[in-house]
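Chain by chain, the residues:
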Amino acid sequence: MGIQEQYRSEAAGLLSSGAVKLVIGFGEGSTVERRRPVFVRTPAETERLVLDGGCVANLSTYLLTEGLLSDGKSVAVFLKPDGIRSINILAAEAQLNPEQVVIFGFDIEEGQVRALEGRKASDFAPVIGVAKAAGLSAELQKEAELLDQISAAERFEYWKDQFSKCIKCYACRQVCPMCYCRRCIVDVNQPQWVNTSSHTLGNFEWNIVRAFHLAGRCVACGGCDRSCPVNIPLRLINHRMAKEVLDAFDYYAGECAEQKPVLATFRQDDPETFIL
Ligand code: SF4
Ligand code: SF4
């Protein structure tokens, strides 16, 4: 039995026994490269579940739908390692109880899907350990290094150009499991901290504020980058922030549910190179 059939059958069993009330997985999409989220509530509906190389989205974001977990019942969700790291962060930030989340873990390598063993977030600690040891994406590192090679003034111009394209659609925020505030600071208009219209200064404020809010929390799922309709390379900002916290604090976001947020804790041997 292939992994898709195995997970369909297990999902049907969990639903029929009442162990979970909902399965969040992938279904047919508009293209085979991108599968669409599906929400399955009955054993018969598990036939809609698809698992292949197009299942790239981080579905953990749907677990924060208002009220979904407030009745104490469990939900199953299909997640890659980035999504499992998100569960750990959300648990550490008291946004969900990881005991209510049953994980159908999988990974994609060269377009092929393989199952990951375990059903609770804590079961996947070895997988996340391997991901940390492998380091941040070499591909992204290469892309980011091109920006490191130019002067600060040129880099500023580069980001000014990129951010000038932003139309403040907030798709990057909506897709991100770490952007869970019910009311985002950029939607507050009294006082209006960040201008809502799309112009260079306001766009800078929005994108930089968001990058700082994601420092030490982004799991590099790529959701924001893929959802940006004007193709701003948000991955490069996220990568840079992840690199800074890894280099300075040996901190890899989402290692476990007990991990303290990097910007809310300190160690006596933390580097203080930024303090004059
Ligand atoms: S900032 Fe982007 S890449 Fe990072 S967790 Fe959020 S959606 Fe994923
Ligand atoms: S998805 Fe792109 S265009 Fe939309 S708010 Fe985010 S950065 Fe701006």
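Residues numbered from 1 in each chain as written. Chains lettered and ligands numbered in written order. Predicted model: local features only at pLDDT ≥ 70, side-chain atom pairs only at ≥ 80, totals over all residues.

Trainee: Sorry if this is basic, but what is going on with the overall build of the protein chain here?
Mentor: What the protein chain contains, in helices and strands, is 9 helices and 5 strands. N-terminal to C-terminal, the α/β element order of the protein chain is α-β-β-β-α-β-β-α-α-α-α-α-α-α. For a compact globule of 276 residues, the expected C-alpha radius of gyration is about 19 Å, and the protein chain comes in at 20 Å, within 12% of that figure. By principal-axis analysis of the C-alpha atoms, the protein chain measures approximately 60 × 45 × 40 Å. In the protein chain, which comprises 276 residues, the share counted as buried stands at 32%. (Helix = DSSP H or I, 4+ residues; strand = E, 2+ residues; numbered from the N terminus. Rg over C-alpha atoms; globule rule 2.2 N^0.38 Å. Buried ≥ 20, exposed ≤ 12 C-beta atoms within 10 Å, placed from the backbone.)

Trainee: I keep staring at the site of ligand 2 and nothing clicks. Help me out?
Mentor: Close to ligand 2 lie 13 residues; Cys-166, Cys-169, Ala-171, Cys-172 and Cys-228 are nearest. When its residues are assigned to classes, the shell around ligand 2 shows 10 nonpolar, 2 polar and 1 charged. (Near = placed C-beta within 6 Å. Nonpolar A, V, L, I, M, F, W, Y, C, P; charged D, E, K, R; others polar.)

Trainee: Whenever I open this one, the packing of helix H2 (residues 81-92) against helix H3 (residues 125-134) confuses me. Can you help?
Mentor: The packing of two helices is summarised by the inter-axis angle and the distance between the axes. It is the contact of H2 with H3, at a shortest axis distance of 10 Å, that shows an interaxial angle of 110 degrees. Considering their axes alone, H2 and H3 lie roughly perpendicular with respect to each other. For the pair H2 and H3, the crossing hand works out as left-handed. Here Pro-81, Ile-84 and Arg-85 of H2 lie close against H3, whose contacting residues are Val-127, Ile-128 and Ala-131. For the contact of H2 with H3, a count of residues per class yields 5 nonpolar, no polar and 1 charged. (Axes fitted to C-alpha atoms, helices over the stretch in contact; angles between N-to-C directions. Parallel < 35°, antiparallel > 145°, perpendicular 65-115°, else oblique. Left-handed = near helix turned anticlockwise from the far one by under 90°. Contact = placed C-beta atoms within 7 Å.)

Trainee: Where do I start with the domain arrangement of the protein chain in this structure?
Mentor: A common way to express how large an interface is: the accessible area buried when the components associate. In terms of domain boundaries, the protein chain breaks down into domain 1 (3-134) and domain 2 (138-264). Summarising the inter-unit geometry, the C-alpha centres of domain 1 and domain 2 are found 25 Å apart. In this assembly, 22 residues from domain 1 lie in contact with 19 residues from domain 2. Secondary-structure elements contributing two or more residues to the side of domain 1 that touches domain 2 are H2 and H3. Partitioning the side of domain 1 that touches domain 2 into residue classes produces 10 nonpolar, 8 polar and 4 charged. (Domains from an automatic or database assignment.)

Trainee: How should the site of ligand 1 be read in this particular structure?
Mentor: In the vicinity of ligand 1 lie 13 residues, with Cys-176, Cys-218, Cys-221, Gly-223 and Cys-224 positioned nearest. Split into classes, the residues belonging to the shell around ligand 1 amount to 9 nonpolar, 4 polar and no charged.

Trainee: Please explain the pairing of strand S1 (residues 22-31) as it appears in this structure.
Mentor: Along a regular strand, successive side chains alternate from one face of the sheet to the other. Bridge count between S1 and strand S3 (residues 75-79): 3 bridges; the pairing is parallel. In the sheet register, Leu-22 faces S3, and the bridge partner there is Val-75. Where S1 meets strand S2 (residues 34-40), 6 bridges bridge the pair, whose relative direction is antiparallel. The partner of Gly-25 across the bridge, within S2, is Val-38. Where S1 folds back onto S2 in an antiparallel hairpin, the turn is made up of 2 residues. (Pairing = 2+ DSSP bridges.)

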